[in-house]
Amino acid sequence: MTEAAAEPGRAHRPGAVRPERAVAAAVRRIPRLPAPVWDSLLPALLLLNAATTPAPREPVLTVALSAALALPLLWRRRAPLAVFGAVVAAALVQWLLDIQLPADIAVLVALYTLAAHSARRTTLAAGAVVEVGVLLACLRWAPDGAFLTPFVAVTAMTAAAAVLGMNVRTTRAYLAAVEERAAHLEREQEQQARLAVAEERARITREMHDIVTHNLSVMVALADAAGYARQRSPDRADAAMRQISETGRQALTDMRRSLGVLRADEPDAERHPLPGIAQLDALAEQMSAAGLPTGLEVEGGHDHLPATAQLTVYRLVQEALTNALKHTPAGTRATVRIRCSAGTVTVDVADTGPRPATAAAPSSSGHGIPGMRERAAAYGGTLRAGPLPGGGWGVRTRLLLDSAGAVSA
């Protein structure tokens, strides 16, 4: 679980820069001429051509019409439809005055820009308008008997300008969609990494709660017993102190093992395997030494059970016995029954002592019973905790080993 959660965090940690995004950022950093400079190049060339080329008649009118065709292109990116209308209007005036100009190419540029920034329906309407102009221009200026050739050629250029503009628009939309999808996937992966980290923190919190609560409860009980027996039975007091020391060392070992899985170079996880059903005997002896005589019955083989399932069983029993130790008076006895089968494990912990009213509420502010419910739910089990009909308190659950939810102990 930890390794699976760590890998996404390393591969897609928040703030990580993807290679394709780095390349795109590097390309964007390449110096480019500003868009206004590019937009002014063609009008400048058309005006320079009109000013330097001898006009067959009325040079001033020729320059004026060329300016009317070329200058609107300066704003073609900001207002493509308005620029197209202005250029077409200037071309109509030119046709009415019967003046042919090289600046007529501005009509194709305006059509291309409109197709690159507008919907397909608008582009088709604009192309039809330009095609009408092509027909009128060829009817008036085509040489006698040669109408078809210039008409087909100019029509092909008109179609090429419109198709090229639509392709540019489609490409831009596709790239925007790809970039948005990449950003969405990156956000989703970052969210999954954060969820994995949160789940791992919750798992460690449960482990630390079980380890600290159980061992501290045992150590407090043993310390009280040692203080009580110090005057009357020094040998029993010494044995209790040794048990306190052993319990403390075991707690340190458990904490080091649980936290050691976070580090790849920590060997404690290998030296101290996860506790399981085989360690319940030692747990029962520890609880008996702390003042809660505990009997253990294990039915069925448990060697085939996964390590995480055995850890869940151990923690459930540990938490139930710790609660019994904390909330029951002296003289209480506990019984632990574990029944193992091919697909299920049943855990039944019962004690003979009465519980205070504050300890009987599973919804209290403590984390013991809610934590046990979470562990049982991970294996499709429902935990029942409450007073028994004959007196005492019981905790019972059944774990489904083939449950799809069994992903973490």
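Residues numbered from 1 in each chain as written. Predicted model: local features only at pLDDT ≥ 70, side-chain atom pairs only at ≥ 80, totals over all residues. Heavy atoms only, no water.

A. Inspection of the overall build of the protein at higher detail. For the protein, the helix and strand inventory stands at 13 helices and five strands. Of the contacts made within the protein by residues no fewer than 6 positions apart, 72% connect residues no fewer than 24 positions apart. When the accessible surface of the protein is summed, it comes to about 23200 Å², and 62% of that surface belongs to carbon and sulfur atoms. (Helix = DSSP H or I, 4+ residues; strand = E, 2+ residues; numbered from the N terminus. Contact = heavy atoms within 4.5 Å. Areas by Shrake-Rupley, 256 points an atom, 1.4 Å probe, with all protein chains shown as cover.)

B. View of the side chain of Asp 351. As for its position among the elements, Asp 351 is in strand S3 (residues 344-351). Among the polar contacts listed, one links the side chain of Asp 351 to the backbone nitrogen of Gly 353, at a separation of 3.2 Å. (Polar contact = N/O pair within 3.5 Å; in protein donor to acceptor, adjacent residues only side chain to side chain.)

C. Quick peek at unusual backbone geometry. Of note in this structure, Asp 98 is not a glycine but carries a positive phi near 60°. Mapped onto the elements, Asp 98 comes out in the loop between helix H5 (80-96) and helix H6 (105-117). Relative accessible area serves as the criterion here: at 36%, Asp 98 is assigned to the partly exposed category. (Buried < 20%, exposed > 50% of the residue type's maximum accessible area, 1.4 Å probe, protein only.)

D. Just the pairing of S3, in detail. With eight of eight residues buried, S3 lies mostly within the body of the structure. As defined by bridge partners, strand S2 (residues 334-340) adjoins S3 across seven bridges and the pair is classed as antiparallel. Each bridged residue has a counterpart across the sheet, and for Arg 337 the counterpart in S3 is Asp 348. Once S2 ends, the chain turns through three residues before running back antiparallel as S3. Note: S3 against strand S5 (residues 393-400), eight bridges, orientation antiparallel. When the sheet's bridge partners are listed, Asp 351 is paired in S5 with Trp 393. (Pairing = 2+ DSSP bridges.)

E. Fine view of the pairing of S5. Across four bridges, the pairing between strand S4 (residues 384-387) and S5 is antiparallel. For Gly 386, the partnering residue across the bridge sits in S5 and is Gly 394. Taking the residues between adjacent antiparallel strands as the criterion, S4 and S5 are bridged by five residues, where Gly 391 takes a positive phi near 105°.

F. Molecular detail of empty space enclosed by the protein. Overall, the coordinates contain two cavities of 30 Å³ or more when judged by the stated rule. Here the second largest cavity is characterised by a volume of approximately 40 Å³. Residue lining of the second largest cavity: Leu 280, Leu 283, Ala 284, Thr 294, Leu 296, Val 317, Leu 321 and Val 336, and that is the complete set. Among the elements of the structure, helix H11 (280-289), strand S1 (294-299) and helix H12 (307-327) are those that each provide at least two residues to the lining of the second largest cavity. A per-element tally of the lining of the second largest cavity places H11 first, with three residues. Considering only residue class, the lining of the second largest cavity consists of seven nonpolar, one polar and no charged. (1 Å grid on protein atoms, 1.4 Å probe; cavity = no way out; pocket = protein on both sides within 12 Å on 5 of 7 lines; lining within 4 Å. Points joined across faces, edges and corners; volume = space filled by probe spheres on them. Nonpolar A, V, L, I, M, F, W, Y, C, P; charged D, E, K, R; others polar.)

G. Local environment of the pattern of salt bridges. Scanning all chains against the criterion turns up two salt bridges. We note a salt bridge from Arg 337 to Glu 297, for which the minimum N-O separation is 3.5 Å. In this pair, Arg 337 sits in strand S2 while Glu 297 sits in strand S1, placing the two residues 40 residues apart along the sequence. We classify Arg 337 as partly exposed; its relative accessible area is 31%. (Salt bridge = Lys/Arg side-chain N within 4 Å of Asp/Glu carboxyl O.)

H. Structural view of the environment of Gly 276. Looking at where Gly 276 falls in the secondary structure, it is placed in the loop between helix H10 (268-271) and H11. Residue Gly 276 is classed as buried on the basis of its relative accessible area of 3%. Put simply, Gly 276 and Gln 310 are 34 residues apart on the chain and 4.4 Å apart in space, counted from C-alpha to C-alpha. Setting aside chain neighbours within four positions, we find Gly 276 in contact with Gln 310 and Tyr 314.

I. Structural detail: H5. End to end, H5 covers 24 Å across 17 residues, agreeing with the expected 24 Å (1.5 Å per residue, within 8%). Here H5 has its buried residues at Pro 80, Val 83, Phe 84, Val 87, Ala 90 and Gln 94. Along the axis of H5, the buried residues cluster in a sector spanning 130°; they form a single face. Set apart from the buried face of H5 by more than 90 degrees, the exposed residues are Leu 81, Ala 82 and Leu 96. Residues of H5 that are buried sit in contact with helix H4 (59-70), H6 and helix H7 (120-141). One or two positions beyond H5, positive phi appears at Asp 98, with a value near 60°. (Expected span 1.5 Å × (residues − 1). Arc of directions from axis to C-beta.)

J. A look at H12. In a regular helix each residue adds 1.5 Å, so 21 residues correspond to 30 Å; H12 covers 30 Å between its end C-alpha atoms and thus fits that length. Most of H12 is tucked away, with 17 of its 21 residues classed as buried.

K. Structural view of the side chain of Thr 328. In this fold, Thr 328 is placed in the loop between H12 and S2. Overall, Thr 328 belongs to the buried group, its relative accessible area being 13%.

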